[in-house]
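A closer look at the structure
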Amino acid sequence: MSDQNRLGVFKTYKLYVGGKFPRSESGRVYEVTDSKGQWLANAPKSSRKDARDAVVAARKAFGGWSGATAYNRGQVLYRVAEMLEGRKEQFVREVAASEGLSKSKAAAAVDAAIDRWVWYAGWTDKIGQIAGGANPVAGPYLNLSTPEPTGVVAVLAPQKSSFIGLVSVIAPVIATGNTAVVIASADAPLPALSLGEVLATSDVPGGVVNILSGVTAEIAAPLAAHQDVNAIDLTGADAELAKELEIAAADNLKRVLRPQLVDADGAADSVDWMAFPGTHRLTAFLETKTVWHPTGALGAAGSSY
């Protein structure tokens, strides 16, 4: 059969929850278009039930992921980069279509996203050295502070940076032992949903990252109020939505990472995601555990340790 007579096979995009690929329980989808308004695909429109299911999956995965060695988490994140390298062409096409970029600019964004996975993979067993340590105290005891993951983190991905921005908010959350429920960009969710396929084959345990698509405000509201969500990243919220979610998050004292900068539309997309990321996102969702340990005399000479 010639290519002229062949019908293309359209991709069915699905959510990524608990290591599986369900459709939205609501059965709803919405049209995703490119920068010129041309149809690209139908994406699942997540419901409140989908959001709650994602939290359950993230909580179930938290114990094993946070309990894994930091070195092991680094290996898993590096494996994500390896898998993305093999599917680079697909993500270049999706990013170019989603963001209206040229092929060369889309390729640069995808390369940067892959490199960012590698960068955060290298930090998994080093963040403890800058976020913890021995504290100087006067007295016969040692005082040690160590960072521990916060728990389940709801992440509102950037609206306009569909891939490098997405990776920049997901990778540091899971690098430090947290699990994530991610709301993809509403207008450009396809790279995020495809990322779920990569995560599923990259040794990332099911439930560590859960990816939802749909109306950001509709999904974020139940997550901000959810009693089993420990923190929320408001990067993808405009100023008005961020304020509402922050109020809801206060009910169970969630950690809140506010949008850094806002553009004329009130969205935190004036951030240069290609720039050096720093470590602030690694430390944003860490708790500090401090341990006091008494020292004692050893032997008759009274020497101490």
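Residues numbered from 1 in each chain as written. Predicted model: local features only at pLDDT ≥ 70, side-chain atom pairs only at ≥ 80, totals over all residues. Heavy atoms only, no water.

Re the overall build of the protein chain
The secondary structure content of the protein chain amounts to 10 helices and 12 strands. Taken along its principal axes, the extent of the C-alpha atoms in the protein chain is 95 × 40 × 35 Å. Looking at the protein chain as a whole, 47% of its 305 residues qualify as buried. Contacts in the protein chain between residues at least 24 apart in sequence constitute 76% of all its contacts with a sequence separation of at least 6. Of the accessible surface of the protein chain, which amounts to about 14400 Å², a share of 54% is contributed by carbon and sulfur atoms. Across the protein chain, the centroid of the 29 positively charged side chains sits 4 Å from that of the 31 negatively charged ones. (Helix = DSSP H or I, 4+ residues; strand = E, 2+ residues; numbered from the N terminus. Buried < 20%, exposed > 50% of the residue type's maximum accessible area, 1.4 Å probe, protein only. Contact = heavy atoms within 4.5 Å. Areas by Shrake-Rupley, 256 points an atom, 1.4 Å probe, with all protein chains shown as cover. Lys, Arg positive; Asp, Glu negative; His and termini not counted. Charge placed at Lys NZ, Arg CZ, Asp CG, Glu CD.)

Observations regarding the pattern of salt bridges
Per the counting criterion, the structure on display carries 13 salt bridges. The partner of D53 in a salt bridge is K49, and the shortest N-O contact between them spans 3.0 Å. Within this pair, D53 and its partner K49 are both found in helix α1 (residues 48–67), separated by 4 residues, close to a single helical turn. Judged by relative accessible area, K49 falls into the partly exposed class, the value being 35%. When the shortest N-O distance is used, the salt bridge between K289 and E148 registers 3.0 Å. One end of the pair, K289, is in strand β10 (residues 286–294); the other, E148, is in strand β4 (residues 141–149), and 141 residues separate them in sequence. A relative accessible area of 31% places E148 in the partly exposed class. (Salt bridge = Lys/Arg side-chain N within 4 Å of Asp/Glu carboxyl O.)

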